[in-house]
Amino acid sequence: MSNEASFVPRWPTRISVCEVGPRDGLQNEKTMLSLEQKVELIDLISASGARIIEIGSFVNPKAVPQMADTDEVARRIRRVDGVEYRVLIFNLRGLERAEASGLKKAKLTVSASRTHSLKNAGKTPEEAVRSFSDCAEYAAAKGIVLSGAIPTSFGCAFEGRVSVEQVLSVVDSFIKIGIREISLSDSTGMATPRQVYDYSRMVLERQPEVIWNLHFHNTRGMGLANVTAGMLAGIDRFDGGFAGLGGCPFIPDASGNIASEDLIHMCNEMEIETDYELDKAISIARLVRQLVGHPTDSFILRAGKNSDLVRSQTEAAKN
Ligand code: ZN
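Residues numbered from 1 in each chain as written. Predicted model: local features only at pLDDT ≥ 70, side-chain atom pairs only at ≥ 80, totals over all residues. Heavy atoms only, no water.

Engineer: With reference to specific residues and values, describe the overall build of the protein.
Structural biologist: Of regular secondary structure, the protein possesses 14 helices and ten strands. Judged by the C-alpha coordinates and their principal axes, the protein covers about 70 × 50 × 35 Å. Burial analysis of the protein (319 residues in total) assigns 56% to the buried set. Considering only contacts within the protein whose residues lie at least 6 apart along the sequence, 77% involve residues at least 24 apart. Counting every atom, the protein has about 13600 Å² of accessible surface; 51% of that belongs to carbon and sulfur. (Helix = DSSP H or I, 4+ residues; strand = E, 2+ residues; numbered from the N terminus. Buried < 20%, exposed > 50% of the residue type's maximum accessible area, 1.4 Å probe, protein only. Contact = heavy atoms within 4.5 Å. Areas by Shrake-Rupley, 256 points an atom, 1.4 Å probe, with all protein chains shown as cover.)

Following this line, the structure appears as structure tokens:
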């Protein structure tokens, strides 16, 4: 923490918004989207400026049937140059499926919480870490880049607050096998802005060469506050989920990701650039809401943009 005293929090000029809706959002939906609908959504996201899209996961189809066709989705989407198409995996079998589908990026996940890890992956964090080295070897041989994600980086529904030491232990294991991009994920929606700021400073300070990403669920309404805390700590990559869908099937009462359109709207209003275009993100979210057939946790879909309000007030004043 030698440099911490001189660290001055400031707003970033630009952040990256990674769209995780096709995986994190759809995996928890009772309505199963068809292959064609998924492909259409991902193609729209590719055309919206988003540079990173999590298109699905390679997990046991019995556990998460919504993701069973990720192989076929990967084959059918229109790949746009410069866009990273990523899948979530838990083991070598998942990585082999990613390779067979022509994907170049896969996200390994291991929970910092023992109970969540057992429920989500059927392994303790230690067992999950042990299974990493074969994945790293395979990925290197096949030219696939691995990133790491740590769900329950801040809190676990079963274990309570997760200490930064538990998180750093998983971070170290990732780094040991050559992973240089890591996401701290608040799958349970328990993180607070102060905790996010502190953990973000801690990991940035200890591992400045790692590309850090933050992933928030808005379960207790702290999602966007947590984003701003992460921004001020120096993080510039954040996940969002279209229409605010989402949740982990193995976390009780899990709710959605922060909505991509809410996050992008906030950035636009704060003059922080994003590559993901707001109006396109809003029309994708509307389509998603229509496809799943129920209201979703998106503030912008409900209330519209700030600029819409100003326009409608101006028009009302004219009449
Ligand atoms: Zn999530």
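Engineer: Before we move on, can you summarise the pattern of salt bridges with the specific residues and values?
Structural biologist: By the definition in use, this model includes 20 salt bridges. In this structure, the salt-bridge partner of Glu181 is Lys105, at a minimum N-O distance of 2.6 Å. On the criterion of sequence distance, the pair formed by Glu181 in strand S8 (residues 181-186) and Lys105 in strand S4 (residues 105-109) is long-range, its members being 76 residues apart. When its relative accessible area of 5% is taken as the criterion, Lys105 is described as buried. The closest approach of N and O atoms between Asp172 and Arg206, which form a salt bridge, is 3.8 Å. Here Arg206 lies in helix H9 (residues 193-206) and Asp172 lies in helix H8 (residues 164-176), a separation of 34 residues in the sequence. In this structure Arg206 comes out as partly exposed when scored by relative accessible area, which is 42%. Salt bridges linked by common partners bring Arg23, Asp24, Glu54, Glu84, Arg86, Lys105, Lys107, Glu181 and Arg237 together as one network. (Salt bridge = Lys/Arg side-chain N within 4 Å of Asp/Glu carboxyl O.)

Engineer: Let's hear about H8: which residues, and what values?
Structural biologist: Compared with the 18 Å implied by 1.5 Å per residue over 13 residues, the 18 Å span of H8 between its first and last C-alpha is a close match. Of all the positions in H8, only Val164, Val167, Leu168, Val170, Val171, Ser173, Phe174 and Ile175 are classed as buried. Remark: Gly178 follows H8 within two positions and exhibits a positive phi of approximately 95°. (Expected span 1.5 Å × (residues − 1).)

Engineer: Outline the side chain of Lys305, supporting the account with residue identities and numerical values.
Structural biologist: Along the polypeptide, Lys305 turns up in the loop between helix H13 (299-303) and helix H14 (306-318). Polar side-chain contacts of Lys305 include one of 2.7 Å to the side chain of Asp279. Residue contacts for Lys305: discarding those within four places in its chain leaves His265, Leu278, Asp279, Ile282 and Ile300. (Polar contact = N/O pair within 3.5 Å; in protein donor to acceptor, adjacent residues only side chain to side chain.)

Engineer: Break down the packing of helix H4 (residues 92-100) against helix H7 (residues 132-142) for me, with residues and values.
Structural biologist: Closest axis-to-axis distance for the H4/H7 pair is 9 Å, and the angle between their directions is 15°. One element, H4, and the other, H7, form an angle in the roughly parallel class. The chirality of how H4 crosses H7 is right-handed. Contacts from Leu92, Leu95, Glu96 and Glu99 in H4 reach Asp134, Cys135, Tyr138, Ala139 and Lys142 in H7. Classifying every residue of the contact of H4 with H7 gives five nonpolar, no polar and four charged. (Axes fitted to C-alpha atoms, helices over the stretch in contact; angles between N-to-C directions. Parallel < 35°, antiparallel > 145°, perpendicular 65-115°, else oblique. Left-handed = near helix turned anticlockwise from the far one by under 90°. Nonpolar A, V, L, I, M, F, W, Y, C, P; charged D, E, K, R; others polar.)

Engineer: Requested: an account of the coordination of the zinc ion, with residues and values cited.
Structural biologist: Around the zinc ion, the protein contributes the donor atoms Asp24 (OD), His215 (NE2) and His217 (NE2), which lie 2.0 to 2.1 Å from the metal centre. Mapped onto the sequence, the donors of the zinc ion take the spacing D-x190-H-x1-H. His217 carries the same exposure label as His215, and that label is buried. (Donors = N, O, S within 2.8 Å, 3.2 Å for Na, K, Ca; no water.)

Engineer: Let's hear about the packing of aromatic side chains: which residues, and what values?
Structural biologist: Across all of its chains, the model carries three aromatic pairs by this definition. Look at Phe154 and Phe216: their rings are 6.2 Å apart centre to centre, the planes differ by 35°, and that puts the pair in the tilted class. A residue pair is termed long-range when its members are at least 10 positions apart, and Phe154 in the loop between strand S5 (145-150) and strand S6 (155-156) and Phe216 in strand S9 (residues 211-216) qualify at 62 residues. There is no split in this pair, since Phe154 and Phe216 are both buried. (Phe/Tyr/Trp six-rings, centres within 6.5 Å; stacked < 30°, edge-to-face > 60°.)

Engineer: Help me get a handle on the pairing of S8, residues and values and all.
Structural biologist: With six of six residues buried, S8 is to be regarded as a mostly interior element. Pairing of S5 with S8, which is carried by three bridges, proceeds in the parallel orientation. Opposite Ile150, over in S8, you have Leu184 as the bridge partner. Where S8 and S9 come together, six bridges link them in parallel fashion. For Ile182, the partnering residue across the bridge sits in S9 and is Trp212. In this fold, the crossover linking S8 to S9 by way of H9 has right-handed handedness. (Pairing = 2+ DSSP bridges. Right-handed = clockwise from strand over helix to strand, strands pointing away.)

Engineer: Go over the packing of helix H11 (residues 260-269) against helix H12 (residues 278-292) with me, naming the residues and quoting the values.
Structural biologist: Remark: H11 packs on H12, axes separated minimally by 9 Å, with the N-to-C direction vectors making an angle of 160°. For the element pair H11 / H12, the angle class is roughly antiparallel. Note on packing geometry: the crossing formed by H11 with H12 is left-handed. On H12, the residues that touch Glu261, Ile264, His265 and Asn268 of H11 are Leu278, Ala281, Ile282 and Ala285.

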